[in-house]
Amino acid sequence: MTFGATEALAALDPHVIPGKAEEMAAYHKVNRPYLGVANPVLDEKAREWRRSLSVEARVSLARDLWATNIHEARILAAKLLTQARLRPDAEAWALICDWVPSFDAWAVADHACMAGQRRLTADPSRLDEVALWTTSEHMWTKRAALVITLPWAKLRNPKPHESAAQDRILGWAAGYLDDKAWFIQKAVAWWVRYMSKHDPEKAAAFIDTHGARMKPFARKEAGRLLNSRTPEPPADP
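Quick caveat: nothing in here was measured; it's all calculated off a predicted structure.

This next bit is on the overall build of the chain. Within the chain, the regular secondary structure consists of 15 helices and 0 strands. Expressed as lengths along the three principal axes of its C-alpha atoms, the size of the chain is roughly 75 × 40 × 40 Å. Within the span of the chain, comprising 237 residues, buried residues form 49% of the whole. Summarising the internal contacts of the chain: among those between residues at least 6 apart in sequence, 69% fall at separations of at least 24. Of the roughly 12,100 Å² of accessible surface on the chain, 54% is carried by carbon and sulfur atoms. Of the charged side chains in the chain, 33 are positive and 29 negative; the average position of the first set lies 4 Å away from that of the second.

Given below as structure tokens:
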């Protein structure tokens, strides 16, 4: 029996909360259908179908769910592919990349990027493909290049090649700063703030060098954790 988007959406029907679809539409402010299903239900269904479906079937289902343009269906499509170990994963990565030009809202884009983060860390050579997004005229594609690479901002003890990747991504971020779009500036700030948890010196150097080109809210957000750090006490003489 084929399990496609029709069957998956039917499985969500019993979980529709009256009035929630209207609340979601007002919150997300994107003109697309909303069902009114809570995120924990989507998490549960994604876990169930990741266990029961083959990788090929999951990619096919994710493709069909995304094509419906329904908010919850797109979130669920991303969740189906959010898994560290996914073999083979070439089709999943290709599908996530296919979705990027259709990003139009932060919630759906961020869920898709979380799926992409697993595929990117599984094969860091894919950063070359992400680099192409940084010159896109589509704001959400440019933003996705930073969101999908957040695992590099969170590294505690990066190896030399990982540190080089961090510098490469920070170069992308610096190149974005003449774009004053809120979501772009926020993405840069987000990346630098995450880095500041584990490499405050590199984060501070970015802000010192590029802070004048950041919007005030982004500069403040990027340095928020740096500003709250307690200085080390002086060593005993």
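Back to the write-up after that little detour.
With respect to the secondary-structure elements, R74 resides in helix 5 (residues 71-80). Within the buried set, R74 has no salt-bridge partner at all; the shortest N-O distance to an opposite charge, 4.9 Å, is to D104. In terms of polar contacts, R74 uses its side chain to reach the backbone carbonyl oxygen of W66, at 3.0 Å. If sequence neighbours within four positions are ignored, R74 has contacts with R32, L65, W66, N69, S102 and V108.

Turning next to the side chain of S196. Within the fold, S196 resides in helix 12 (residues 182-198). Once residues lying within four places of it in the same chain are set aside, the contact partners of S196 are A203, A222, L225 and L226.

Here the structure, examined in full by the defined rule, presents 8 aromatic pairs. With a centroid separation of 4.3 Å and an interplanar angle of 5°, the aromatic rings of W66 and W99 are classed as stacked. Of this pair, W66 sits in helix 4 (residues 55-67) while W99 sits in helix 6 (residues 90-99), placing them 33 residues apart in sequence. Comparing W66 with W99, the two get one shared label, buried. Here W182 and F183 contribute two aromatic rings whose centre-to-centre distance is 5.1 Å and whose plane-to-plane angle is 90°, an arrangement assigned as edge-to-face. By relative accessible area, W182 is classed as partly exposed at 47%. Relative accessible area serves as the criterion here: at 24%, F183 is assigned to the partly exposed category. Taken together, the ring pairs connect W140, W182, F183 and F217 into an aromatic cluster.

Parameters at a glance
Residues numbered from 1 in each chain as written. Predicted model: local features only at pLDDT ≥ 70, side-chain atom pairs only at ≥ 80, totals over all residues. Heavy atoms only, no water. Helix = DSSP H or I, 4+ residues; strand = E, 2+ residues; numbered from the N terminus. Buried < 20%, exposed > 50% of the residue type's maximum accessible area, 1.4 Å probe, protein only. Contact = heavy atoms within 4.5 Å. Areas by Shrake-Rupley, 256 points an atom, 1.4 Å probe, with all protein chains shown as cover. Lys, Arg positive; Asp, Glu negative; His and termini not counted. Charge placed at Lys NZ, Arg CZ, Asp CG, Glu CD. Salt bridge = Lys/Arg side-chain N within 4 Å of Asp/Glu carboxyl O. Polar contact = N/O pair within 3.5 Å; in protein donor to acceptor, adjacent residues only side chain to side chain. Phe/Tyr/Trp six-rings, centres within 6.5 Å; stacked < 30°, edge-to-face > 60°.

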